[in-house]
Amino acid sequence: MDVGLVCDACSALTPIGVPQCTRCGSAVALDPRAAKKSQPPPAANRAPATMQSTAAPCPKCGDLVTGGLKFCPSCGQRIVVEHMFDVETKVGPVAKAGHRPTMMFGGVMQQARAKLTLIRGDGEDSVSFTLAGTDHLAGRGDCPIAFPDDTFLSPTHANFTYRDGKLVVVDEDSLNGVFVRIHGGLEIAVGTTILVGEQVLVVKLAPTPEDLPDAEGTYFSASMVRPASLEVHQHLRGGVAGWVFRLNTDVITIGREANDINFPEDPFISGRHAELKLDSSGSAAVLSVTDLGSRNGTFVRITGEQVLKHGDYVFLGQQLLRVEIV
């Protein structure tokens, strides 16, 4: 007759003196504490997978506690489990006596002060880019923020960087520029490029041509020059010059219909979209652009770089990005 112990887990007979079941590997012993250890811990005593660590002795009874358990299976003592993925999201309160404060893993969350969210063509949010470093290049090439299929982007188009605690976008000498949506009105320099719907427009002061003859005394024959204060030049794809609008007024409205300048076939322009204003009352002329509550906004091409705020929209190539300061 065989003598041994019956495994509690699989009912297999295990010879006397053998500490583990030869069939399933469970602990087999007359000591009730060993049998208790062989049972799987209850769910309340299991640490999350990301917090499970190596075996450690119980500080109360000295038994080895394995599998990242939160309580000793022998005496019930609470086990403090530490792991590099145990990251606190709040910083500031002083830790209680006897407890070490949890440090940020890699400092990633602490440095991620902003993110960019890509806006799809239907206006819904798409992917987000976390700005957790110092410099974050964007473009068509090998960049952290890459849009390889956008042929209107330069290989390295822009850089989103932190400076003096603020998020700044820098135009990396791109061909088509970086545009930022304005809030209400904005004073602009003469020659500034604005984006209204799909229209790329350059705003200039209207020059007064000199009506002079050539060396032989012959005058150039063309249409009569009418008085004008502002010129708005339309730029077409491929670098071709489009319409030139000359208007003799200090306030110009742009939209789809019933404005000084109309683009009826542009589906992205509102009825009354934007306004240009020239103030010549001072010593120097002041030019400004104002969005008239349009649906898609009015964008201004930046010169060099610009500080961004929470809620700003940045247009690169054909990509619209929303700025979120966290």
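Residues numbered from 1 in each chain as written. Predicted model: local features only at pLDDT ≥ 70, side-chain atom pairs only at ≥ 80, totals over all residues. Heavy atoms only, no water.

A. Structural view of the overall build of the protein chain. When you go through the protein chain residue by residue, the secondary structure sums to 2 helices and 24 strands. Burial analysis of the protein chain (326 residues in total) assigns 33% to the buried set. Look at the contacts in the protein chain between residues 6 or more apart in sequence, and 43% of them connect residues 24 or more apart. (Helix = DSSP H or I, 4+ residues; strand = E, 2+ residues; numbered from the N terminus. Buried < 20%, exposed > 50% of the residue type's maximum accessible area, 1.4 Å probe, protein only. Contact = heavy atoms within 4.5 Å.)

B. Local environment of the sheet that holds strand β9 (residues 158-163). A sheet is described by the order of its strands in space; here 5 strands give the open sequence β8-β7-β9-β10-β22, paired in mixed fashion. A strand with exactly one partner marks an edge of an open sheet, and here the two such strands are β8 (145-146) and β22 (305-307). In this structure, strand β7 (residues 135-139) lies alongside β8, joined through 2 bridges in parallel fashion. Pairing of A138 across the sheet is with I145, part of β8. (Pairing = 2+ DSSP bridges.)

C. A look at the pattern of salt bridges. Per the counting criterion, the structure on display carries 6 salt bridges. Between D125 and R322 there is a salt bridge; the shortest N-O distance is 2.9 Å. In this pair, D125 is assigned in strand β6 (residues 125-131) and R322 in strand β24 (residues 319-325), connecting sequence segments 197 residues apart. With relative accessibility at 41%, the residue D125 sits in the partly exposed group. Here R322 and E324 are joined by a salt bridge, their closest N and O atoms 2.8 Å apart. On the accessibility criterion, E324 (15% relative accessible area) is buried. A single network of salt bridges, built from pairs that share partners, joins K115, D125, R322 and E324. (Salt bridge = Lys/Arg side-chain N within 4 Å of Asp/Glu carboxyl O.)

D. Summary view of the sheet that holds strand β18 (residues 261-262). Judged by pairing direction, the sheet is mixed, and its 5 strands sit side by side in the order β12-β20-β19-β17-β18 without closing on themselves. The sheet is open, and its two borders are formed by β12 (185-188) and β18, each paired with just one other strand. The sheet contact formed by β12 and strand β20 (residues 286-291) spans 4 bridges and is antiparallel. Counterpart to G185 in the pairing with β20 is T290.

E. Spotlight on the packing of aromatic side chains. In the structure shown here, the tally under the stated rule is 4 aromatic pairs. With a centroid separation of 5.9 Å and an interplanar angle of 75°, the aromatic rings of F129 and F147 are classed as edge-to-face. Here F129 is found in strand β6, whereas its partner F147 is found in the loop between β8 and β9, with 18 residues between them in sequence. The class for F129 is buried, based on a relative accessible area of 16%. You can call F147 buried: its relative accessible area is 10%. (Phe/Tyr/Trp six-rings, centres within 6.5 Å; stacked < 30°, edge-to-face > 60°.)

F. How the structure looks around the pairing of β20. As defined by bridge partners, strand β19 (residues 272-279) adjoins β20 across 6 bridges and the pair is classed as antiparallel. Paired with L276 across the two strands is V289, which belongs to β20.

G. Summary view of the environment of L137. Relative to the elements of secondary structure, L137 occurs in strand β7. Residues L137 and V170 lie 33 residues apart in sequence; the distance between their C-alpha atoms is 9.3 Å. With residues up to four places along the chain from it excluded, the contact list for L137 reads C143, P144, I145, T156, A158 and N159.

H. Geometry of the side chain of T117. Looking at the element boundaries, T117 is found in strand β5 (residues 114-119). Take T117: its relative accessible area is 2%, and that puts it in the buried class. Here the side chain of T117 touches S128 through a polar contact of 3.1 Å, side chain to side chain. Leaving out residues up to four positions away in the same chain, T117 has contacts with D125, S126, V127, S128, L320, L321, R322 and E324. (Polar contact = N/O pair within 3.5 Å; in protein donor to acceptor, adjacent residues only side chain to side chain.)

Any link to function would need more than the numbers given here.
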